[in-house]
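Overview (structure and organization)
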Amino acid sequence: MKNLKEYLLALDFHCIKLKKTVTNHFELKVKINNVKGRFILDTGASNSCVGFDQVELFNLDTQESEHKASGAGTTEIETKISRKNNLKIGGYQLKKTSLILIDLMHINNALAKQNAKPIQGIIGADILHRAEAIIDYKKKYLFLKSK
């Protein structure tokens with residue numbers, strides 16, 4: 001009998017090793033427009049996000065957005081949108097990907113208080129759904145299906 005990793009690799013999934021942070025989040029490296037960044041995996045985030053302060057780093061073209069973001073708190077957060085980005089996680093690649101831009105300062109401040117490194121963005125349910133993601137929590141793997 002094959003283990004989960006062997007089984008999913010045979011079905012054309014990409015296997016990405018996750019790193020557990022001191023805050024109990026999974027961290028992963030993501031390339032946006034060929035620039036590598038540190039992201040956290042958040043299955044509860046409806047959209048994948050990048051910090052406003054990362055626009056130049058990731059070469060993002062931004063547009064105003066009518067949408068407001070909200071998190072676990074009650075306040076709404078101003079957003080912008082960036083469309084048609086190339087995104088790569090391990091061997092998995094998405095072209096023409098939209099990303100929401102938000103202020104990640106409150107998240108990075110909370111991470112700093114726990115001696116965790118800052119993040120440039122969040123991989124959310126939009127990408128996880130498109131990629132038919134499967135997470136192996138015990139072995140710390142993210143599996144994303146090739147299209």
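Reading the values: the criteria
- Residues numbered from 1 in each chain as written.
- Predicted model: local features only at pLDDT ≥ 70, side-chain atom pairs only at ≥ 80, totals over all residues.
- Heavy atoms only, no water.
- Helix = DSSP H or I, 4+ residues; strand = E, 2+ residues; numbered from the N terminus.
- Rg over C-alpha atoms; globule rule 2.2 N^0.38 Å.
- Buried < 20%, exposed > 50% of the residue type's maximum accessible area, 1.4 Å probe, protein only.
- Pairing = 2+ DSSP bridges.
- Patch = residues over 30% accessible without salt bridge, like charges linked within 9 Å, V, L, I, M, F, W, Y side chains within 5 Å.
- Areas by Shrake-Rupley, 256 points an atom, 1.4 Å probe, with all protein chains shown as cover.
- Salt bridge = Lys/Arg side-chain N within 4 Å of Asp/Glu carboxyl O.
- Core = buried A, V, L, I, M, F, W, Y, C linked by side-chain atoms within 4.5 Å.
- Contact = heavy atoms within 4.5 Å.
- Phe/Tyr/Trp six-rings, centres within 6.5 Å; stacked < 30°, edge-to-face > 60°.
- Lys NZ or Arg CZ within 6 Å of the ring centre and 35° of its normal.

This next bit is on the overall build of the chain. Along its length, the chain carries 3 helices and 11 strands. For the chain, the N- to C-terminal ordering of α and β elements is α-β-β-β-β-β-β-β-β-α-β-α-β-β. Taking 147 residues into account, the globule formula puts the C-alpha radius of gyration at 15 Å, and the chain, at 15 Å, falls close to it. Overall size of the chain, expressed as C-alpha extent along the three principal axes, is 50 × 35 × 25 Å. Counting every position in the chain, which comprises 147 residues, the buried fraction comes to 41%.

This paragraph deals with the pairing of strand 3 (residues 26-32). Counting buried residues along strand 3, 5 of its 7 residues qualify, which places the element largely inside the surrounding structure. Pairing of strand 2 (residues 19-20) with strand 3 involves 2 bridges; the strand directions are antiparallel. Pairing of Lys19 across the sheet is with Glu27, part of strand 3. The antiparallel pairing of strand 2 with strand 3 creates a hairpin that spans 5 residues between the two strands, and Asn24 there sits at a positive phi of about 75°. Sheet analysis places strand 3 next to strand 4 (residues 35-41), joined by 7 bridges and oriented antiparallel. Each residue of the ladder has a partner; that of Glu27, found in strand 4, is Ile40. Counted between consecutive antiparallel strands, the loop separating strand 3 from strand 4 contains 2 residues, among which Asn33 sits at a positive phi close to 50°.

This part takes up a nonpolar patch on the surface. Judged by side-chain polarity, Leu4, Tyr7 and Leu11 come together as a nonpolar surface patch covering roughly 270 Å² of accessible area. Locating Leu11 in the fold gives a position in the loop between helix 1 (4-10) and strand 1 (13-17).

One finds Val30, Ile32, Leu41, Leu87, Ile89, Ile123 and Leu142 to be the most contacted residues of the largest nonpolar core, which totals 24 residues. With sequence-adjacent residues up to four places away left out, Ile89 is seen in contact with Ile16, Leu28, Lys29, Val30, Ile123, Ile127 and Leu144.

What follows covers the pattern of salt bridges. Across all of its chains, the model carries 2 salt bridges by this definition. As a salt-bridge pair, Glu27 and Arg38 come within 3.4 Å of each other at their nearest N and O atoms. Of the two residues, Glu27 sits in strand 3 while Arg38 sits in strand 4, which places them 11 residues apart along the sequence. Taken as a pair, Glu27 and Arg38 share a single burial class, namely buried. Taking the shortest distance from any N to any O, the salt bridge between Lys80 and Glu64 comes out at 3.6 Å. Of this pair, Lys80 sits in strand 7 (residues 76-89) while Glu64 sits in strand 6 (residues 62-70); the two residues are 16 residues apart in sequence, bridging distant segments of the chain.

Per the counting criterion, the structure on display carries 3 aromatic pairs. A centroid spacing of 5.7 Å and a plane angle of 40° characterise the contact between Phe26 and Tyr137, whose relative ring orientation is tilted. With a gap of 111 residues between them, Phe26 in strand 3 and Tyr137 in the loop between strand 10 (134-136) and strand 11 (141-145) connect regions that are remote in the sequence. For Tyr137, a relative accessible area of 52% translates into the label exposed. Directly above the ring of Tyr141 sits Lys17, whose terminal nitrogen or CZ lies 4.6 Å from the centroid.

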